[in-house]
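# Understanding the architecture of this molecule
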Amino acid sequence: KQVLAPSMIGIRADDVELGQDVILGSAHFCKVDERYRFFGAHAEAVDRANEATIPAQSHGQSYFVDVHVANDGVGVRLRLPAKTGRRGQADISAWMIEGDPTVWAAKLDNSYESAYHQTTLKQLGTGNIGLPLTARIGQVYIALTEALVKGYGDLAVKLGANGALEGQLYADPKGWTTDKEVVQPWRVTIVARNLTDLVNTNLVEDLNPPASAELAKADWIKPGRSAWQWLASGDPREPEQHKWIDWTAQLKFEYYLIDEGWEKWPDSWQAIASDVAYAKTKNVKIWIWVHSRTVWDPQERREYFRKAVEAGVVGIKIDFPPPASREVANWYFDTAKDAADMHLMVDFHGANKPSGMDRTWPNVITRE
């Protein structure tokens, strides 16, 4: 049964609309049948799908179309070969939904903290909408999103004049230039017969590369419950930390997060190390907060992570990342790798939508 009408996928690069007037070559097919450790609704993800890679030509330029078809949805993307000085200008992908179905959507906000609301497709208005967007089409639910946002900016959608949900690279309005291959993030349509199937999908993670063998089995990556004091008392006060750790232990929670403000303490790193030592006697492990600007520069980031490890910290909450341009999207992956190298778990706060990077970097425990 059709749930989407024919929909555009494309990239505007060097003033050419790749995705229009396309000549397709012969597809190369393969099957995917994989399992991997999963931190979420189930302990193991099962990735079974059919894939095709299709050579394409448009306006004299050659590229590839990748298609991934699973029981619970479809991913599709374009891959443009490396070209010196290629100017990426816009994403011209869209989802075309017929009629005026019920949708659940949120206005785009760079930190993805807008409330979702129920409306209809035609009542979405003219502003940018953050993904994922969920709709009920007949008797099924669909969720529209993207996977593997790397080397490319984060995508929002806007209701176009023809009723299509048109992709918007809101954080890269001037585009970008690269000599490297351009790999469009997967444009993903999840299709589910009920809400249980919808929330149990791992299609977005499936469309990301697997973790290294070492990370896939790492025993230092342990999701758990965390106590947190900031909502109750604002900036953490150093003399109160043992009390909060005691309460965490009473709850039998695994972690306690020392949030924004600890860095203002006198001799703050020594104070963190002291709190870590006390928490260890209570079988509690410590996470700390940091502003993204502190860990933006690669050398400074690695030095900061080294100090955290020396203090005994097990996880870092990284707050206030900039809007997810192509550069920022790459920063997420570089940061996850540097943290993994030092056996640190990560929580990105105020971040762009999850696009499945936790499969490749399972130390990225969550995004807020």
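Residues numbered from 1 in each chain as written. Predicted model: local features only at pLDDT ≥ 70, side-chain atom pairs only at ≥ 80, totals over all residues. Heavy atoms only, no water.

## Examining the pairing of strand E21 (residues 285-291)
Within E21, six of the seven residues are buried, which leaves the element mostly enclosed by the surrounding structure. By the bridge criterion, four bridges tie strand E20 (residues 255-258) to E21 in an arrangement that is parallel. What sits directly across from Leu-257, in E21, is Trp-287. After leaving E20, the chain enters helix H6 (residues 268-281) and then returns to the sheet as E21, a path that is right-handed. (Buried < 20%, exposed > 50% of the residue type's maximum accessible area, 1.4 Å probe, protein only. Helix = DSSP H or I, 4+ residues; strand = E, 2+ residues; numbered from the N terminus. Pairing = 2+ DSSP bridges. Right-handed = clockwise from strand over helix to strand, strands pointing away.)

## Topic: the pattern of salt bridges
Scanning the entire structure with this criterion turns up 25 salt bridges. Note that Glu-17 is salt-bridged to Arg-12, the shortest N-O span being 2.6 Å. When its relative accessible area of 30% is taken as the criterion, Arg-12 is described as partly exposed. A salt bridge links Asp-91 to Arg-187, with the shortest nitrogen-to-oxygen separation between them at 2.9 Å. Remark: Arg-187 occurs in strand E18 (residues 186-192) and Asp-91 occurs in strand E8 (residues 86-91); sequence separation between them is 96 residues. Judged by its relative accessible area of 4%, Asp-91 falls in the buried class. When salt bridges with common partners are traced through the structure, they connect Asp-91, Glu-146, Asp-154, Arg-187 and Lys-353 into a single cluster. (Salt bridge = Lys/Arg side-chain N within 4 Å of Asp/Glu carboxyl O.)

## Observations concerning the sheet that holds strand E2 (residues 16-18)
If you walk across this open sheet you meet the four strands as E2-E1-E8-E16, and the pairing is antiparallel. Of all the strands in the sheet, the pair left with one neighbour each is E2 and strand E16 (176-178). The average undirected angle you get between the axes of adjacent strands in this sheet is 35°. In this structure, strand E1 (residues 11-13) lies alongside E2, joined through three bridges in antiparallel fashion. By the bridge assignment for E2, Ala-13 is matched with Val-16. (Axes fitted to C-alpha atoms, helices over the stretch in contact; angles between N-to-C directions.)

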